[in-house]
Amino acid sequence: MSSVFEQSVTLHRPRQAAPANPQPAERWSVDAIEALFNLPFPELMHRAQTAHRENFSPNQVEFATLLSVKTGGCQEDCGYCPQAARFDTGVKATKLMEPDEVRLAAQRAKDAGATRFCMGAAWRAPKDRDIEKVAELVRTVKALGLETCATLGMLEDGHAETLQSAGLDYYNHNLDSAPDFYGDIITTRDYQDRLDTLARVRSAGVKVCCGGIVGMGETRRQRAGLVAELANLTPYPESVPINNLVKVEGTPLADQADLDPFEFVRTIAVARITMPKARVRLSAGRQQMGDAVQALCFLAGANSIFYGDKLLTTGNPDTDADVALLERLGMTRSAPEAQP
Ligand code: SAM
Ligand code: DTB
Ligand code: SF4
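Structural notes, computed from the coordinates. (Residues numbered from 1 in each chain as written. Chains lettered and ligands numbered in written order. Predicted model: local features only at pLDDT ≥ 70, side-chain atom pairs only at ≥ 80, totals over all residues. Heavy atoms only, no water.)

### Some details on the site of ligand 2
In plain terms, the rule: By convention in these notes, a residue is near a molecule or strand provided one of its non-hydrogen atoms lies within 4 Å of it. Pairing of N or O atoms within 3.5 Å defines a polar contact, subject to two protein rules: one partner must be a possible hydrogen donor and the other a possible acceptor, and residues neighboring in sequence count only if both atoms are side-chain atoms. Of the grid points, spaced at 1 Å and generated over the protein atoms alone, those admitting a 1.4 Å probe that cannot get out make up cavities, while open sets with protein on both sides within 12 Å along at least five of seven lines make up pockets; any residue with an atom within 4 Å of a point is treated as lining. Being in a pocket or cavity means that more than half of the molecule's atoms lie within 2 Å of its grid points. Classification convention: Asp, Glu, Lys, Arg as charged; Ala, Val, Leu, Ile, Met, Phe, Trp, Tyr, Cys, Pro as nonpolar; all other residues, Gly among them, as polar.
Taken together, Leu66, Pro82, Thr151, Asn172, Asn174, Pro241, Asn243, Phe306, Leu311, Leu312, Thr313 and Thr314 make up the full set of residues near ligand 2. The separation between an oxygen atom of ligand 2 and a polar side-chain atom of Asn174 is 2.8 Å. Backbone polar atom of Leu312 to an oxygen atom of ligand 2: 3.0 Å apart, as the coordinates give it. The pocket occupied by ligand 2, as judged from atoms lying within 2 Å of grid points, is the largest cavity. Partitioned by chemical class, the residues of the shell around ligand 2 number six nonpolar, six polar and no charged.

Written out as structure tokens, the structure reads:
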């Protein structure tokens, strides 16, 4: 069997990388997106696969590794999050990591096969001095030849520019839910704050990584509402993480009922159809999902995963298990995007 690290023979019009600035093909109404969700599963999958194959090789998956560079103690009240100080989740607060420690972790991720390295910090919003320190971390990771991504909370004017100059490729900031569900989950900042940060990232020339979480008790229409917000961003994000809620004891959503796995797969398919050139990332929740559902997500157009045995504070499948899964499926890891 060929190695997962070898490039597959591509039979379709393959593209290794999303373009820097995909334009929205059309404006999507919530009704139109809900209609996609309502399609028979085979029809929805066919449409998603068609969109996927027009823009990417369907056999390749990007590996992105996450590192929590500053964990816990966050003042926000995001109802899903183990890092919010107000919830008793057992997560210990740490200080921002030093460049040497981050370099080691990034080198390990690269050696294991990751092409993108994403640094997360449990901040509501970084201070100016935090941005300077994270810029140093970005330079450190970039120097190893990895694509860089950071998720640090809300940014002020100038922050995204500083990070861009340090070599930041992507900034992750999720919309998380539909606007009409958001207030049920988070009260300490509003939807417009998130859109403002995304606009700052975009205008600094940093690529946008923006998605959300499903399985928080939202309706199907609200899942459609989240996808509509993402797809109607102009341009839509280059990278779209779709997280399945990881239920953490101590958070308000700890006892939330499981989402039907097919509904998760549908969400991936609808994201693929509405944002055809984006990297759609099958993000949090893989450990709880099982191999068969993950395979359906790849068939629905997911072409990126978080790779490494930890997300930020919760578990993720072992790297060996992910390499084995791709080999079983005859799929391969995507080559890195061309670096500027
Ligand atoms: N503090 C920053 C912020 O909120 O923008 C960055 C880190 S925050 C942990 C990044 C994202 O992780 C959140 O927006 C959310 O989408 C996701 N996330 C956090 N906890 C999660 C959970 N339990 N299940 C699924 N996704 C989660
Ligand atoms: C994203 O959309 N998901 C990642 C990343 N962006 C930063 C985070 C998932 C966190 C899951 C819960 C945890 O491990 O703390
Ligand atoms: Fe803080 Fe981010 Fe967690 Fe919200 S999601 S509590 S802002 S770390």
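So much for the structure itself; the text now carries on.
### Some points on the pairing of strand β3 (residues 147-151)
Two faces make up the sheet, and in a regular strand the side chains alternate between them. Note the cut-off: Burial classes: relative accessible area under 20% of the type maximum marks a residue as buried, over 50% as exposed, and values in between as partly exposed (1.4 Å probe, protein chains only). For the purposes of this entry, the term helix denotes a DSSP run of H or I that reaches at least four residues, the term strand denotes a run of E that reaches at least two, and both are numbered from the N terminus. When DSSP finds two or more bridges between two strands, those strands count as paired. By convention a crossover is right-handed if, when the strands point away from the viewer, the path from the first strand over the helix to the second runs clockwise.
Across the five residues that make up β3, a large majority, five, are buried. The two faces of β3 match: Glu147, Cys149 and Thr151 on one face and Thr148 and Ala150 on the other face are all buried. Here strand β2 (residues 116-121) runs beside β3; their pairing, made up of five bridges, is parallel. Among the inter-strand pairings, Gly120 is bridged to a residue of β3, identified as Thr151. Between the parallel elements β2 and β3, the chain passes through helix α4 (residues 128-142) in a crossover that is right-handed. Here β3 runs beside strand β4 (residues 170-172); their pairing, made up of two bridges, is parallel. Each bridged residue has a counterpart across the sheet, and for Cys149 the counterpart in β4 is Tyr170.

### What to know about unusual backbone geometry
With an omega of -5 degrees, the peptide bond running from Thr234 to Pro235 counts as cis. Backbone geometry at Asp176 places phi at a positive 70 degrees, although glycine is not the residue there. Given a relative accessible area of 3%, Asp176 falls into the buried group.

### Quick notes on the site of ligand 3
Lining the immediate environment of ligand 3, one finds Cys74, Glu76, Cys78, Tyr80, Cys81, Ala84, Ala122, Trp123 and Arg189. Taking a 2 Å distance to the grid points as the criterion, the majority of the atoms of ligand 3 fall inside the largest cavity. Each residue belonging to the shell around ligand 3 can be placed in one class, and the counts come to seven nonpolar, no polar and two charged.

### A word on the pattern of salt bridges
Put simply, the test is: The term salt bridge refers to a pairing of a side-chain nitrogen on Lys or Arg with a carboxyl oxygen on Asp or Glu at a separation within 4 Å.
Inspection of the entire model under this criterion finds 20 salt bridges. The shortest N-O distance in the salt bridge between Arg124 and Glu76 comes to 3.0 Å. Linking Arg124 in the loop between β2 and α4 with Glu76 in the loop between β1 (60-70) and α3 (99-112), this pair joins segments that are 48 residues apart in sequence. A relative accessible area of 3% means that Glu76 is categorised as buried. A salt bridge links Arg103 to Asp100, with the nearest nitrogen and oxygen atoms 2.8 Å apart. Placement of both Arg103 and Asp100 in helix α3 is noted, with a separation of three residues, approximately one turn of the helix. Owing to a relative accessible area of 53%, Asp100 belongs among the exposed residues under this scheme. Through salt bridges with shared partners, one network takes in Glu62, Arg116, Glu147 and Arg281.

### A closer look at the side chain of Gln83
Put simply, the rule is: Contacts: residue pairs with any heavy atoms within 4.5 Å of one another.
Considering the arrangement of structural elements, one finds Gln83 in the loop between β1 and α3. On the accessibility criterion, Gln83 (8% relative accessible area) is buried. A polar contact is formed between the side chain of Gln83 and the backbone nitrogen of Gly72, at a distance of 2.8 Å. If sequence neighbours within four positions are ignored, Gln83 has contacts with Ser68, Lys70, Thr71, Gly72, Gly73, Cys74, Ala122, Leu312 and Thr313.

### Brief notes about the nonpolar core
The nonpolar side chains of a soluble globular protein tend to be buried, and buried together. To be explicit about the condition: To qualify as a nonpolar core, a set must consist of buried Ala, Val, Leu, Ile, Met, Phe, Trp, Tyr and Cys residues joined through side-chain atoms within 4.5 Å.
Tyr80 and Phe117 are the most contacted members of the largest nonpolar core, which totals 93 residues. Broken down by element, this core gets its largest block of residues, seven residues, from helix α9 (residues 261-274). Ignoring any residue separated from it by four or fewer positions in sequence, one finds Phe117 in contact with Thr65, Leu67, Val102, Ala105, Ala106, Ala109, Val141, Leu146, Glu147, Thr148 and Cys149.

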